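Residues per chain are reported as follows:
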Amino acid sequence: MEILDGKKAAQAIKDELKMEVAQLSVEGKKIPHLAAILVGTNGASETYVAAKVKACDEVGFKSTLVRFDADIPAVKLMEKIQELNNDPDVDGILVQLPLPKHIRESDVIDAIDPDKDVDGFHPVNIGKMLQGLPSFVPATPHGIMLLLEHFKVETKGKHAVVVGRSNIVGRPMSILLSSNSNPGNCTVTICHSHTQNLKELCLQADIIVAALGKPEFVTADMVKEGAVVVDVGITRLEDNTRKSGFKLKGDVQFDTVAPKCSWITPVPGGVGPMTIAALMKNTFVSCKMKN
Ligand code: NDP
């Protein structure tokens with residue numbers, strides 16, 4: 001069994017970006033600028049946004065963090081997005097999800113200029129991705145593809161089972177894995193909460209991507225020998241023995257599943273760092289389009 005070490009792969013991507021940014025500087029060109037919007041004080045969202053801002057510092061990007069109280073009227077948030085859309089210095093805009101209930105997420109996603117939608121959630125980018133055209137690909141599935149590429153995991157002709165069909169992870173993941181690309185060229189089965197024979201389907205999988213948000217859902221009896229297992233799940237479970245008061249759990253029961261795998265991602269240190277690396281890559285590409 002080998003570890004798909006997301007920290008290591010993400011570092012390699014960030015090191016490369018750092019060099020490219022330094023080169024832009026030398027040439028007197030524009031430096032990438034990511035603007036992040038955080039609404040409210042959700043603990044997990046605070047952590048994710050802080051990690052994204054830190055990654056910007058590491059690679060030499062500019063970053064702007066815009067914070068709003070949880071009760072901000074939707075119209076105010078939209079105004080801010082328009083302002084950032086119109087700001088020629090801003091290359092990427094991300095609005096950290098989830099948003100408070102009174103704000104419709106799809107309206108917010110639609111309001112972002114598709115050319116600055118480095119999270120890749122805008123319908124224009126999703127549509128282009130479906131057609132195999134250049135586009136911003138959602139950061140988590142993009143990061144997983146970069147991870148498979150980094151460790152040269154063979155995907156061609158394999159049967160991939162994606163558990164979860166959200167717009168930000170499962171569904172785009174299924175499209176990327178089935179694309180005529182490398183990594184890609186898988187035969188994909190996509191599962192959700194109404195799938196009846198999930199265990200049997202997982203047992204047929206050469207590659208399992210678990211993205212359902214149910215801690216330790218995938219157990220050893222669901223995984224065939226030699227499978228590649230990618231664990232997207234991140235759930236905070238209370239743990240009073242830790243300073244933070246919680247520990248992170250993935251959707252895969254790592255200790256029992258890992259011995260059966262050819263490759264497996266850890267949680268933390270697998271998909272999480274790759275999501276951020278992919279976001280940095282998207283922001284860089286957005287900046288390059290303007291340079
Ligand atoms: P969603 O809640 O949006 O989607 C979960 C999906 O899992 C749904 O499609 C749901 O089915 C399906 N599902 C739920 N229960 C079952 C079940 N028992 N059997 C089969 N399918 C099931 O979650 P996200 O896609 O946003 O996130 C999934 C996980 O990934 C979460 O833990 C999240 O924190 C994590 N995540 C991690 C990231 C990272 O960077 N590492 C980034 C983004 C997310 P249905 O559609 O029928 O409801």
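The notes below deal with the structure included here. (Residues numbered from 1 in each chain as written. Predicted model: local features only at pLDDT ≥ 70, side-chain atom pairs only at ≥ 80, totals over all residues. Heavy atoms only, no water.)

1. Concerning the pairing of strand β6 (residues 187-191)
When strand β5 (residues 159-163) meets β6, the two strands line up parallel, connected through five bridges. When the bridges of β6 are listed, Val162 appears paired with Ile190. Following the chain from β5 across helix α7 (residues 170-178) to the adjacent parallel β6, one finds a crossover that is right-handed. (Pairing = 2+ DSSP bridges. Helix = DSSP H or I, 4+ residues; strand = E, 2+ residues; numbered from the N terminus. Right-handed = clockwise from strand over helix to strand, strands pointing away.)

2. Thoughts on unusual backbone geometry
In this model, Leu97 is joined to Pro98 through a cis peptide bond whose omega is 0°. With respect to the secondary-structure elements, Pro98 resides in the loop between β4 (92-95) and α4 (105-111). Here the amide bond leading from Asn182 into Pro183 is cis, since omega sits at 0°, within 30 degrees of zero. Here Pro183 lies in the loop between α7 and β6. Positive phi, close to 55°, is recorded for Asn185, a residue that is not glycine. Secondary-structure assignment places Asn185 in the loop between α7 and β6. Even without a glycine there, the phi angle at Glu216 is positive, about 55°.

3. Notes on the pattern of salt bridges
When the charged atoms of two side chains with opposite charge come close together, those side chains can pair. Here the structure, examined in full by the defined rule, presents 15 salt bridges. The salt bridge partner of Lys80 is Glu83, with a shortest N-O separation of 3.0 Å. Remark: Glu83 and Lys80 occur in helix α3 (residues 74-86); sequence separation between them is three residues, near one turn of the helix. (Salt bridge = Lys/Arg side-chain N within 4 Å of Asp/Glu carboxyl O.)

4. Thoughts on the site of the ligand
Lining the immediate environment of the ligand, one finds 21 residues, of which Arg165, Ser166, Ser193, Ile234 and Thr275 sit closest. Here a nitrogen atom of the ligand and a backbone polar atom of Val232 are 3.4 Å apart. Ile234 has a polar backbone atom sitting 3.0 Å from an oxygen atom of the ligand. Computed on the free molecule, the ligand has an accessible area of 930 Å², of which 71% lies beneath the protein chains in the complex. The dominant element in the shell around the ligand, judged by the number of residues it contributes, is helix α10 (residues 271-290), at three residues. For the shell around the ligand, the per-class residue count stands at nine nonpolar, 10 polar and two charged. (Near = heavy atom within 4 Å. Polar contact = N/O pair within 3.5 Å; in protein donor to acceptor, adjacent residues only side chain to side chain. Areas by Shrake-Rupley, 256 points an atom, 1.4 Å probe, with all protein chains shown as cover. Nonpolar A, V, L, I, M, F, W, Y, C, P; charged D, E, K, R; others polar.)

5. Quick look at a nonpolar patch on the surface
Side chains of Tyr48, Ile234 and Leu248 sit close together on the surface and give an oily, nonpolar patch of about 220 Å² of accessible area. Within the secondary structure layout, Ile234 lies in the loop between β8 (227-231) and β9 (235-238). (Patch = residues over 30% accessible without salt bridge, like charges linked within 9 Å, V, L, I, M, F, W, Y side chains within 5 Å.)

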